[in-house]
Protein chains: 2
Amino acid sequence: MPRYEFRMQRLHVEDGLSAGAEIALDRAQSNYLLNVLRMKGGDEVLLFNGRDGEWRAALRQEGRKQASLVASEMTRPQAPLPDLHYLFAPLKHARLDYMVQKAVEMGAGALRPVVTRYTQSGRVNLERMRSNAVEACEQCGVLAVPAIDEPVALEALLAGWQASEGARILVFCDEGEASQNPLAALDDLSQGVPLAVLVGPEGGFSEEERALLRAQPFVVPMPLGPRVLRADTAAVAALAVVQARLGDWH
Amino acid sequence: MPRYEFRMQRLHVEDGLSAGAEIALDRAQSNYLLNVLRMKGGDEVLLFNGRDGEWRAALRQEGRKQASLVASEMTRPQAPLPDLHYLFAPLKHARLDYMVQKAVEMGAGALRPVVTRYTQSGRVNLERMRSNAVEACEQCGVLAVPAIDEPVALEALLAGWQASEGARILVFCDEGEASQNPLAALDDLSQGVPLAVLVGPEGGFSEEERALLRAQPFVVPMPLGPRVLRADTAAVAALAVVQARLGDWH
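Residues numbered from 1 in each chain as written. Chains lettered and ligands numbered in written order. Predicted model: local features only at pLDDT ≥ 70, side-chain atom pairs only at ≥ 80, totals over all residues. Heavy atoms only, no water.

What counts is decided by this rule: UniProt positions are given in the numbering used here, feature names are shortened, and annotations may be inferred rather than shown by experiment.
Identification of chain A as Ribosomal RNA small subunit methyltransferase E from Stappia indica is taken from an unreviewed UniProt entry. In the Function (unreviewed entry) part of its UniProt record, chain A is described as follows: "Specifically methylates the N3 position of the uracil ring of uridine 1498 (m3U1498) in 16S rRNA. Acts on the fully assembled 30S ribosomal subunit." Turning to chain A, the UniProt annotation filed under Sequence similarities (unreviewed entry) states: "Belongs to the RNA methyltransferase RsmE family."

In structure tokens form, the structure reads like this:
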């Protein structure tokens, strides 16, 4: 449910943005603006690059098939990346696309694939993940494009956690947890602690993986109610509860 | 992330279920079990009809293209419908399918389309909604198939609310709410109050609709953080927060 100010077309660009900056568009981008969106010279869009905030820019038409954009004024300052990492077992194709988009909408600042025993998709297309993340930023008014990490095996992730992550807490969505209340699981965590949320594959975690996770001092198991959730549903549900209780929804 | 006991094929049927009950399958169902799932005589599935609980049943093969199922023992008693209604502006096609499935996973006991000013899809295919709801029940181990209501206009819904809904509270996901914290919005509600959650269309509510909603004594506005959420994301996020704070996740 976009707010109305977001109805203006928003585009992610790689170039630096400042007053008067001219952003060259390639053939495909020009075609998209001129022929798909049917924009004309002087029509405005919003631009962001993940570094320089959001800028209003006007289309400059240079023939039927070529255009550029000229930035005029900043509409929003750059937002920092939310300090909330989303860790997940990669799903196949469309479901992964969807999960990545949802995690960005929900305010994940980093997307980190984790390979577990029952992970169905070993190969992860990081370029595709990035373009899904950028698309979600464009559609949902997000200015900070999340970092996208290389996949890592669960055991290696846990073994190196404290050395690389410091005090970051790993909230582990545990379908085997006896309680059903996710809020109670977060009760002992204080506002402002760096967080990560881990959602497993469609097949769940193995018993060995669950035991390993629960043995780590930086892991907090969190149940997600009495019903079975698909992994992409669990992503949104877990991030909603964590954001509402401890994150930037609070 | 299905738990392992849910890896058995689960099928929704219309017939009554009891020990020894034989469920006739039509051509399409027989073909699905025999040729798509490649099941053989004696192989077992789980059956539910939304009334009689979940039953283990064995396939009885009656030729290459015809089969029936014979129920043996109840595996779970019938669960009541959760007393949480999900009201939503219908979306188009695939996004509506997705939203219906997600609402079922999240424990909605009734799915109620509401037509608002910016609703993009006036016609609602209730049969398609029902088959999506059934599919979500099959996949996610839900035994109570949600009721699916006819679409109603927002103004009519609100005008008749107290007469037809009694004490039910309508939690209205309000993107224009100044605060960002959904949990704080629910602070004054007590556990056990009958609830409904309303999510608007992709275009949001009009200012008139927002004012009308906020003027009702049975409406509680709930923000969903600082970012714009797509309607199907808002569905899962809102239901997660409500379930965690007041519903059957608590």
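Following the structure, the description resumes.
**Examining the UniProt feature "domain: Ribosomal RNA small subunit methyltransferase E PUA-like" (unreviewed entry) in chain A**
Inclusion rule: Helix and strand definitions follow DSSP, with helices as H or I runs of at least four residues and strands as E runs of at least two, each counted in order from the N terminus.
The feature "domain: Ribosomal RNA small subunit methyltransferase E PUA-like" (unreviewed entry), as annotated in UniProt, sits at residues 25-70 of chain A in this numbering. Between the C-alpha atoms that bound residues 25-70 of chain A the distance is 11 Å, and the span itself is 22% helix and 37% strand.

**As for empty space enclosed by the protein**
Here is the rule we go by: Using a grid of 1 Å spacing that covers the protein atoms alone, one calls a set of points a cavity when a 1.4 Å probe fits there but cannot get out, and a pocket when the set is open and has protein on both sides within 12 Å along at least five of seven lines; lining residues are those with an atom within 4 Å of a point. Grid points are joined across faces, edges and corners, and a volume is the space filled by probe spheres set on the points. Residues are sorted three ways: Asp, Glu, Lys and Arg are charged, Ala, Val, Leu, Ile, Met, Phe, Trp, Tyr, Cys and Pro are nonpolar, and all the rest, Gly among them, are polar.
Summed over the entire model, instances satisfying the criterion amount to two cavities of 30 Å³ or more. Together, Tyr98(A), Lys102(A), Asp232(A), Thr233(A), Val236(A), Tyr98(B), Lys102(B), Asp232(B), Thr233(B) and Val236(B) line the largest cavity. Looking at the lining of the largest cavity, the elements that each hand over two or more residues are helix H2 (93-105) and helix H8 (231-245) of chain A together with helix H2 (93-105) and helix H7 (231-245) of chain B. Among the residues making up the lining of the largest cavity, the classes are represented as four nonpolar, two polar and four charged. Taken as a whole, the second largest cavity encloses approximately 30 Å³ of empty space. In this structure, the second largest cavity is lined by Arg230(A), Gln101(B), Glu105(B), Glu135(B), Ala136(B), Gln139(B) and Cys140(B). For the lining of the second largest cavity, the secondary-structure elements that each account for two or more residues are H2 and helix H3 (126-140) of chain B. Of the residues contributing to the lining of the second largest cavity, the split by class is two nonpolar, two polar and three charged.

**Comments concerning the sheet that holds strand S3 (residues 44-48) of chain B**
All names here are of chain B. The line we're drawing: DSSP calls a pair of strands paired once it identifies at least 2 bridges connecting them. Working convention: axes come from line fits to C-alpha atoms, limited for helices to the stretch in contact. Angles between N-to-C directions cover 0 to 180 degrees. The contact definition used throughout considers only heavy atoms, calling two residues in contact when any of these lie within 4.5 Å.
Pairing in this open sheet of five strands is mixed, and the strands run S1-S3-S4-S5-S2 from one edge to the other. Strands at the two margins of the open sheet, each flanked by one partner only, are strand S1 (10-12) and strand S2 (22-24). The sheet shows a mean angle of 40 degrees between the axes of neighbouring strands, direction not considered. In terms of strand pairing, strand S4 (residues 54-61) meets strand S5 (residues 67-76) through eight bridges, oriented antiparallel. Its bridge partner being in S5, Ala-58 is matched across the sheet by Val-70. With respect to the sheet, H3 is in contact with S1 and S3, its orientation differing from that of S1 by roughly 150 degrees.

**Structural notes on the pattern of salt bridges**
Put simply, the test is: By definition here, a salt bridge exists when the distance from a side-chain nitrogen of Lys or Arg to a carboxyl oxygen of Asp or Glu is within 4 Å. To sort residues, take the accessible area from a 1.4 Å probe on protein chains only and compare it with the maximum for the residue type: under 20% means buried, over 50% means exposed, and anything in between is partly exposed.
Counted by the stated rule, this structure contains 42 salt bridges over all chains. Residues Asp248(A) and Arg227(B) are paired through a salt bridge, measuring 2.9 Å at the closest nitrogen-oxygen approach. Residue Asp248(A) is found in the segment after H8, and its partner Arg227(B) is found in the loop between strand S12 (219-222) and H7; the two belong to separate chains. We classify Asp248(A) as partly exposed; its relative accessible area is 30%. For Arg227(B), a relative accessible area of 14% gives the class buried.

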